[in-house]
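Working through the structure, step by step
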Amino acid sequence: MLFNSYEFIFGFLPIVFLGFLWLASVNHFLAAGWLTLASLFFYGWWNPAYVGLLLGSIVFNFMIGVSIGRASGQGQRRRARWLLTAGVTGDLALLGYYKYADFFLRNVDALAGTHYAGLGIVLPLGISFFTFTQIAYLADAYQGKAREYRFVHYALFVTYFPHLIAGPVLHHKEMMPQFALASTYRLRWENIAVGLTIFMIGLFKKTVLADGIADYVGPVFSAHASGARLPILDAWGGALAYTFQLYFDFSGYSDMAIGLSRLFGVRLPLNFHSPYKAVNIIEFWRRWHMTLSRFLRDYLYFPLGGNRKGPSRRYVNLMVTMLLGGLWHGANWTFVIWGGLHGIYLIINHAWRALAARLGWIRSTPSVLGSAAARLLTFLAVVVAWVFFRAESLDGAIYILKGMIGMNGLVLPYRWLEKWGAVGEWLAAHGVEFHNLPTFGGGGQVNFIIISLIIVWALPNTQQLLSGYRPALNVPDSGPSLAHHWWRWRPTTPWLALGIVTGVWAILSISELSEFIYFQF
């Protein structure tokens, strides 16, 4: 079931919310059980057969976690370590089978010249997210940070439908105390107002912005397979269109997840915080998919040694972490290269910082021009990497990059020749080509990209808009002046009217079911 579907908005959500409120007035345990069953139904809507897989994973990890807690409590550290190893190995084996078995066989075929038929495995929705959430739980249990002996509450922690399919990756210590609070089970109009506002903003990002610009993406990224020519404007138009489609798609999902959870009185950790405003790649990864970055840092980068063993070892650890992070996103070499590019970016970023510090080039307050240049450079580096993230093959990605550096020439839309009059005629006479290619939308696409740039660079994000109501956990401090901005959301009539317009526009834009991009990971 999709957040951006009529079944969810007008069927599932009202029934689950009203049922939760009614049961919460009777018994908190029943209300938690109701949310768990509703979350399993939500997951099973896609494919009921995989509900058993999800439940099996939950039972396995719950038993391991309880055993780790008891072993640690009795001072049996060695036994707890073996239990942790067994639990993590089991989780990774399950993830590896469903996500990477066919990838492995395809590469064996390519290297050995064999022809395995492949297993034809269908990737279960959300398997990466519920697996990582449970690995984090086992690690926290081993470190004494998490104890859970109530199966229903643990099952709710894993299956909680606002985060189940595409994150955020949760920590037990963040969520379970909230489910234990009596205030969570009481009706609060502030939660409803804030939750619905955030949900509608997210829905607008998805159905109006992300789905609106998506039409410009497909023709460019299928150009190599179809043999279509891809000049520089077409290549950049497609790459930028995907850059913003992915941004609004993931940002929209993250907002909807936070808004839905807030309806139930529970705050999810922030997962997305204006990443295209980052002035370097280090900051980008503190803003993009924040809970995944945290997971990779805490359970991969730090165990590898982090930055504790010198610069060279740090760079190796960064590259290994980003390569595995890329592979986590998908069983394809394009994702590995995407992760490797970001690993290189991070190494350059850290090396430059170290050099600038030695030479005394670091300024306490960067200039406006310097910050703008740094933001633009970071953004362009991210755009180039997104080409590999979206491309269907390495050859397809390289084909687009060749177009972006001008190797396929420059072709302008034919309609521009008519609009520009004498200027267009002069350009045509001097060798500039004018054709209507299927890979560039001309004015409409340019306008969409410009509007998107203004939104992501100049406007406050959702968390900043609702900063007075603590919409999520782990929101970075934006400074004391933020609370006094005129644009900050308040429960007033003008904001209510704007929210209704935004929501109606977003709902009317649901023309067809469009999955969130991160569903495939």
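Residues numbered from 1 in each chain as written. Predicted model: local features only at pLDDT ≥ 70, side-chain atom pairs only at ≥ 80, totals over all residues. Heavy atoms only, no water.

Here's the deal with the environment of Gly326
Topologically, Gly326 is positioned in helix H15 (residues 311–329). Classification of Gly326 as buried rests on a relative accessible area of 0%. In this structure, the C-alpha to C-alpha distance between Gly326 and Leu341, residues 15 residues apart in sequence, is 9.5 Å. Ignoring sequence-local partners within four residues, the contact set of Gly326 consists of Phe335, Val336, Trp338 and Gly339. (Helix = DSSP H or I, 4+ residues; strand = E, 2+ residues; numbered from the N terminus. Buried < 20%, exposed > 50% of the residue type's maximum accessible area, 1.4 Å probe, protein only. Contact = heavy atoms within 4.5 Å.)

A word on the pattern of salt bridges
Considering all chains together, one arrives at nine salt bridges under this definition. A salt bridge links Glu190 to Arg262; the nearest nitrogen and oxygen atoms lie 3.2 Å apart. Of this pair, Glu190 sits in helix H9 (residues 189–213) while Arg262 sits in helix H12 (residues 232–263), and the two are 72 residues apart along the sequence. On the basis of relative accessible area, Arg262 is assigned to the buried category, the value being 1%. The partner of Lys206 in a salt bridge is Asp211, with the nearest N and O atoms 3.2 Å apart. (Salt bridge = Lys/Arg side-chain N within 4 Å of Asp/Glu carboxyl O.)

Regarding the packing of aromatic side chains
By the definition in use, this model includes 64 aromatic pairs. Plain terms: the ring middles of Tyr6 and Phe10 are 6.2 Å apart, the flat faces sit at 20° to each other, and that makes the pair stacked. Of this pair, Tyr6 and Phe10 are both found in helix H1 (residues 6–26), four residues apart, which corresponds to roughly one turn of the helix. Overall, the relative accessible area of 40% leaves Tyr6 in the partly exposed class. Stacked on the ring of Tyr142, the Lys or Arg Arg77 has its end atom at 4.0 Å from the ring centre. Residue placement shows Lys206 over the ring face of Phe516; its charged tip is 5.0 Å from the ring centre. (Phe/Tyr/Trp six-rings, centres within 6.5 Å; stacked < 30°, edge-to-face > 60°. Lys NZ or Arg CZ within 6 Å of the ring centre and 35° of its normal.)

Quick look at the nonpolar core
One finds Phe3, Phe8 and Phe161 to be the most contacted residues of the largest nonpolar core, which totals 157 residues. The element contributing the most residues to this core is H12, with 16 residues. Trp416, Leu417, Phe434 and Phe440 belong to the second largest nonpolar core, which has six residues in total. (Core = buried A, V, L, I, M, F, W, Y, C linked by side-chain atoms within 4.5 Å.)

Some remarks on the packing of helix H6 (residues 151–159) against helix H8 (residues 172–180)
Two packed helices can be described by the angle between their axes and the distance between those axes. The contact between H6 and H8 brings their axes to 10 Å, and the two run at 125°. Between H6 and H8, the crossing angle belongs to the class labelled oblique. As for how H6 packs across H8, the hand of that crossing is right-handed. On the side of H6, the interface is formed by His153, Leu156 and Phe157, while H8 contributes His172, Met175, Met176 and Phe179. Classifying every residue of the contact of H6 with H8 by side-chain character gives five nonpolar, two polar and no charged. (Axes fitted to C-alpha atoms, helices over the stretch in contact; angles between N-to-C directions. Parallel < 35°, antiparallel > 145°, perpendicular 65-115°, else oblique. Left-handed = near helix turned anticlockwise from the far one by under 90°. Nonpolar A, V, L, I, M, F, W, Y, C, P; charged D, E, K, R; others polar.)

Thoughts on helix H23 (residues 493–508)
Over its 16 residues, H23 runs 22 Å from end to end, which matches the ideal 22 Å to within 8%, given 1.5 Å per residue. What H23 keeps buried is the set Thr502, Gly503, Ala506 and Ile507. On an axial view of H23, the arc spanned by its buried residues comes to 125°, and they lie on one face. Facing away from the buried side of H23 by more than 90 degrees, the exposed set consists of Thr493, Pro494 and Leu508. The elements touched by buried residues of H23 are H1 and H9. (Expected span 1.5 Å × (residues − 1). Arc of directions from axis to C-beta.)

A word on the confidence of the model for the protein chain
Detailed conclusions should not be drawn from predicted coordinates in areas where pLDDT is low. Looking at the protein chain, pLDDT values average 89 and 97% of them are 70 or higher. Confidence, read as mean pLDDT per element, is least for helix H19 (residues 414–420) in the protein chain (84) and greatest for helix H13 (residues 281–287) (96). (pLDDT = per-residue confidence, 0-100.)

Remarks on the layout of surface pockets
In this structure, the largest pocket encloses a volume near 1000 Å³. Lining the largest pocket are 42 residues, and of these Ile201, Leu465, Trp495, Leu498 and Thr502 sit closest to its centre. Every element with two or more residues in the lining of the largest pocket is listed here: H9, H12, helix H21 (443–458), helix H22 (462–465) and H23. Of all the elements, H23 adds the most residues to the lining of the largest pocket, at 11 residues. For the lining of the largest pocket, the per-class residue count stands at 28 nonpolar, 10 polar and four charged. (1 Å grid on protein atoms, 1.4 Å probe; cavity = no way out; pocket = protein on both sides within 12 Å on 5 of 7 lines; lining within 4 Å. Points joined across faces, edges and corners; volume = space filled by probe spheres on them.)

What about unusual backbone geometry?
The phi dihedral of Ser274 falls on the positive side, at around 50°, and the residue is not glycine. Examined against the element boundaries, Ser274 turns out to sit in the loop between H12 and H13. With phi around 60°, Asn474 is a residue other than glycine that occupies positive phi space. Mapped onto the elements of the fold, Asn474 is located in the loop between H22 and H23.

Things to note about a nonpolar patch on the surface
There is a patch of nonpolar side chains on the surface, built from Trp22, Val26, Phe29 and Leu30 and spanning about 460 Å² of accessible area. Looking at the nonpolar patch, the elements that each hand over two or more residues are H1 and helix H2 (28–44). Tracing the backbone through its elements, the reader meets Trp22 in helix H1. The class of Trp22 is exposed, set by a relative accessible area of 59%. (Patch = residues over 30% accessible without salt bridge, like charges linked within 9 Å, V, L, I, M, F, W, Y side chains within 5 Å. Areas by Shrake-Rupley, 256 points an atom, 1.4 Å probe, with all protein chains shown as cover.)

Structural notes on the environment of Leu30
In this fold, Leu30 is placed in helix H2. Using a relative accessible area of 42% as the deciding quantity, one classes Leu30 as partly exposed. A C-alpha to C-alpha distance of 9.6 Å links Leu30 and Val152, two positions 122 residues apart in sequence.

A look at the environment of Pro476
Take Pro476: it is sitting in the loop between H22 and H23. Among the residues examined, Pro476 registers a relative accessible area of 33% and is labelled partly exposed. On a C-alpha basis, the gap between Pro476 and Pro168 in space is 16 Å, while along the polypeptide they are 308 residues apart. Pro476 has contacts with Leu270, His273 and Met290, leaving out every residue within four places of it along the chain.

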